[in-house]
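Geometric and topological summary
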Amino acid sequence: MKKHNRLWRRLIVLAVATVCFAAFGMHKSFAQGDVTAPTMDDITSLSVAVDTTWVLLTGMLVFFMQAGFALLEAGLIRQTSVVNALLENFMDAGLTALCWWLVGFGLAFGTDAGGIIGTSLFAPGMGLMGQSFGPVGLFTFFFFQFAFAATASTIATGGMAERTDFVGDLIYSALIALVIYPIVVHWIWGGGWLAQAGFQDFAGSTVVHTVGGVVALVGAIMLGPRPGRVWGSPPPGHNMGFAVIGTMILWFGWYGFNPGSTLAVSGGAANLAALVTVNTTLSAGVGTLAAMFFVFFRKGKWDLPATLNGSLAGLVAITASCAFVDTWAAAIIGLIAGIIVIIVPDIIESLKIDDAVGAFAVHGACGIFGTLSIGLFGEASLTLTGQAGLFTGGGIDMLITQFIGSLSVVAFVAVCTVVMFLALKAVGRLRVNPKADAIGIDFYEHGISAWPDVLPYPDEMVSDAVTHGAVAPAGD
């Protein structure tokens, strides 16, 4: 034992001596000028490497949000539709990857044509490897923006859950990634007419969330309600565990969504990314509390789904302004969003619109409010135009610009979506076959159940439903 201890002591002494000799040698080399000082090219290369790593990693966080959307939606809908929801969310990633590469990226960020669309960068290949986009390379930027594009169509699946034809879902998701979403991106982030007019949206309250929320609302209206829907009493979600995990993944992923939109952390961008992160956290946290207490004061119950949506409301609302407002404003934005997300579903329900997961309230209504919040709370030292908001010493000009921009996007997306869904309805690909309402969309579209040991087989479901007169006609 003593020999063993002596051996370890000798090894430690030898290691320390080696380190000291190495340090002495490096000091001597520096003193004699043997080590070449880093050049500006070296510093630039290091800066690009750091920024590229940042954008790629945050893009991966945004992509991981697909898992959050899938789990949240699956948890908030009925168990007969879980497989359908999971597959729709999963295929959005694969379908968007192809559509974004072929057409979407070019329409969004290609050479500007009249402030409306881009006209280059379609199906980008290795010939563009050396081309930069801001502080990072084009392919780094492509990947980051792809993750955003996949989110837009995924939002819509929630509002239209449990009754959309699967082929129709594939078609409308492709059209969103090919045309609708990229055009909005070009208007705002690609140097289009809204950007030229001074409209601002740092990370996508309008570009991503308002677009997805409007598609969800129009889709829910045109699809009609789920069978047997009782107004004033929405069907409860079947798995709150899924919903909680999904929401936490989304919150986590938002740290890629918002801070990653700085596209850099080198130099002064690091401080901005930190501010964005803090603002994102504050808005989400206050939104969570606002929704929870607001529902408690109304109903006397601590409501879990409402609390989850409150956090998402705060996240959506701060996404546009996270780089343009102070921390106190972020808290106020979250507070207001947490109340909006409770009030708007009541209005939607009173209009007899069946938004299965409250997609429009979370993404549409809070996305619009978040966009306007720049005109209310924007700091002149942070906004892109150097203007202050209405409540931060500026006038109403920036608020008007934000309002016009938001309204323009809502109108454009709504018109495109109506035309798209009318075409799908005309060819019988909007709403699922009425038989699916009887046996469940999972069995009808996919021939499988997420809970085979709990749900009965389709034949048993149909015979039991017919025997007891429980099958509701489609559209009731």
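Structure shown above.
A brief structural summary. Please read these numbers as outputs of a predicted model, since none were measured by experiment. (Residues numbered from 1 in each chain as written. Predicted model: local features only at pLDDT ≥ 70, side-chain atom pairs only at ≥ 80, totals over all residues. Heavy atoms only, no water.)

1. Notes on the overall build of the protein chain
Inclusion rule: A helix here means a DSSP run of H or I that spans at least four residues, while a strand means a run of E at least two residues long, and both kinds are numbered starting from the N terminus. The rule is simple: take the accessible area with a 1.4 Å probe, protein chains only, and divide by the maximum for that residue type; under 20% is buried, over 50% is exposed, in between is partly exposed. Each accessible area is a Shrake-Rupley result for a 1.4 Å probe, and residues are judged covered by the shown protein chains and nothing else.
In terms of helices and strands, the protein chain carries 16 helices and 4 strands. Buried positions account for 49% of the 476 residues belonging to the protein chain. Per element, the accessible surface of the protein chain, about 20600 Å² overall, is 71% carbon and sulfur.

2. Observations concerning the packing of aromatic side chains
In plain terms, the rule: Two aromatic rings from Phe, Tyr or Trp, using only the six-membered ring of Trp, form a pair when their centres are within 6.5 Å; if the ring planes differ by under 30 degrees the pair is stacked, by over 60 it is edge-to-face, and anything between is tilted.
Across all of its chains, the model carries 26 aromatic pairs by this definition. Relative to Phe146, the ring of Phe143 lies with its centre 6.2 Å away and its plane at 40°, an arrangement referred to as tilted. Highlighted residues: Phe143 and Phe146, both in helix α4 (residues 138–159), separated by 3 residues, approximately one helical turn. Owing to a relative accessible area of 22%, Phe143 belongs among the partly exposed residues under this scheme.

3. Points about empty space enclosed by the protein
Empty space among the atoms becomes visible once a probe the size of a water molecule is rolled across them. Where we set the bar: A 1.4 Å probe that fits into a set of points on a 1 Å grid over the protein atoms alone but cannot get out defines a cavity; an open set with protein on both sides within 12 Å along at least five of seven lines defines a pocket, and lining residues are those with an atom within 4 Å of a point. Grid points are joined across faces, edges and corners, and a volume is the space filled by probe spheres set on the points.
Here the structure, examined in full by the defined rule, presents 1 cavity of 30 Å³ or more. Considering the residues around the largest cavity, the lining is formed by 14 residues, among which Phe69, Leu72, Gly158, Val357 and His363 are closest to the centre. Secondary-structure elements contributing two or more residues to the lining of the largest cavity are α2 (40–76), α4, α10 (304–319) and α12 (359–377).

4. Some thoughts on the packing of helix α7 (residues 205–223) against α12
Rules: Only the stretch in contact is used when fitting a helix axis, every axis being a line fitted to C-alpha atoms; angles between N-to-C directions are given from 0 to 180 degrees. Two helices that cross are described as forming a left-handed crossing if the nearer one is turned anticlockwise from the farther one by less than a right angle, and a right-handed crossing if clockwise. Every residue pair with non-hydrogen atoms within 4.5 Å of one another is taken to be in contact.
Packing of α7 against α12 brings their axes to within 8 Å, and their N-to-C directions diverge by 140°. For the pair α7 and α12, the crossing hand works out as left-handed. Seen from α7, the contacting residues are Ser205, Thr206, His209, Thr210, Gly213, Val214, Ala216 and Leu217; seen from α12, they are Ala359, Phe360, His363, Gly364, Gly367, Ile368, Gly370 and Thr371.

5. Description of the side chain of Asn239
Structurally, Asn239 can be placed in the loop between α7 and α8 (240–257). Of the residues examined, Asn239 reaches a relative accessible area of 18% and is grouped as buried.

6. Describing the environment of Asp346
Structurally, Asp346 can be placed in helix α11 (residues 327–350). Once the C-alpha coordinates of Asp346 and Gly232 are considered, the two residues, 114 residues apart in sequence, prove to be 8.3 Å apart.

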